[in-house]
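Breakdown of the fold
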Amino acid sequence: LFTQYGVETIIRVGSAGAYTENLDLYDVVLAESAYSESSYAKTQNGCEDDVMYPTREVNERILAAAEKLGIPCKETRIHSSDVFYHEDNVPNHVDFYNDHNCICTEMESYALFHNARILGKKAASILTISDSLVTHEEISAEERQTSLNNMMKIALEACL
């Protein structure tokens, strides 16, 4: 989108899995940074950073939109993982929460923030908690399709 269609700003909207009991299903999270153990940035251009950041200006617009709409939105570090379901012999959600301050997981934001950074574009990521790795609660596939409206309302309001 950035290189082929001239897009200047991307706001990712998506679902995420909670790493803490302090997040409930349907809570809205705004990524203030994305930690990843992925090799994406290194493979793409040699970057060794394990944390990528969104565009502050876009995050500020999203937070202002959430406040205007009266929708709670938690700005925090997220974990962008290549793998959701880890085997027991590798770090898991408890480790990512304790060691890297990640409160939830998803799969795209780290790469999006990296691409925006190297291309001089803008990016943000707003997520809705769809399941919990702590409580094992989850919303259904149908609810994922029909009930994640608050983050979309916020993203659209931020674009106005």
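In case you missed it, the structure is sitting above this.
These lines cover the structure that appears in this document, whether it is placed above or below. The model shown is predicted, which means the values in this text are computed figures rather than measured ones.

Conventions used here
- Residues numbered from 1 in each chain as written.
- Predicted model: local features only at pLDDT ≥ 70, side-chain atom pairs only at ≥ 80, totals over all residues.
- Heavy atoms only, no water.
- Helix = DSSP H or I, 4+ residues; strand = E, 2+ residues; numbered from the N terminus.
- Buried < 20%, exposed > 50% of the residue type's maximum accessible area, 1.4 Å probe, protein only.
- Contact = heavy atoms within 4.5 Å.
- Polar contact = N/O pair within 3.5 Å; in protein donor to acceptor, adjacent residues only side chain to side chain.
- 1 Å grid on protein atoms, 1.4 Å probe; cavity = no way out; pocket = protein on both sides within 12 Å on 5 of 7 lines; lining within 4 Å.
- Points joined across faces, edges and corners; volume = space filled by probe spheres on them.
- Nonpolar A, V, L, I, M, F, W, Y, C, P; charged D, E, K, R; others polar.
- Pairing = 2+ DSSP bridges.

A word on unusual backbone geometry
Of note in this structure, Y26 is not a glycine but carries a positive phi near 80°. Topologically, Y26 is positioned in the loop between β1 (9-18) and β2 (28-35). Its identity as a non-glycine residue notwithstanding, N101 has a phi of 60°, on the positive side. Here N101 is to be found in the loop between α3 (93-100) and β5 (104-106). By relative accessible area, which is 54% here, N101 ends up exposed.

Regarding the environment of R12
Assignment of secondary structure puts R12 in strand β1. Taking C-alpha positions, R12 is 9.9 Å from L30, a pair spaced 18 residues apart along the chain. Non-local contacts of R12, meaning those with residues more than four positions away in its chain, are made with E106, M107, E108, S109, L112, A124, S125, I126 and L127. A polar side-chain atom of R12 sits 2.7 Å from a polar atom in the side chain of E108.

What about the layout of surface pockets?
Each pocket or cavity is described by its volume, and for the largest pocket that value is around 470 Å³. Elements supplying a minimum of two residues to the lining of the largest pocket: β1, β5 and β6 (122-132). Top contributing element to the lining of the largest pocket by residue count: β1, with 4 residues. Of the residues assigned to the lining of the largest pocket, the class counts are 8 nonpolar, 10 polar and 9 charged.

Notes on the pairing of β1
Bridging between β1 and β6 involves 10 bridges; their strand directions are parallel. In the sheet register, R12 faces β6, and the bridge partner there is S125. The pairing of β1 with β5 spans 2 bridges and is antiparallel. Among the inter-strand pairings, G17 is bridged to a residue of β5, identified as T105.

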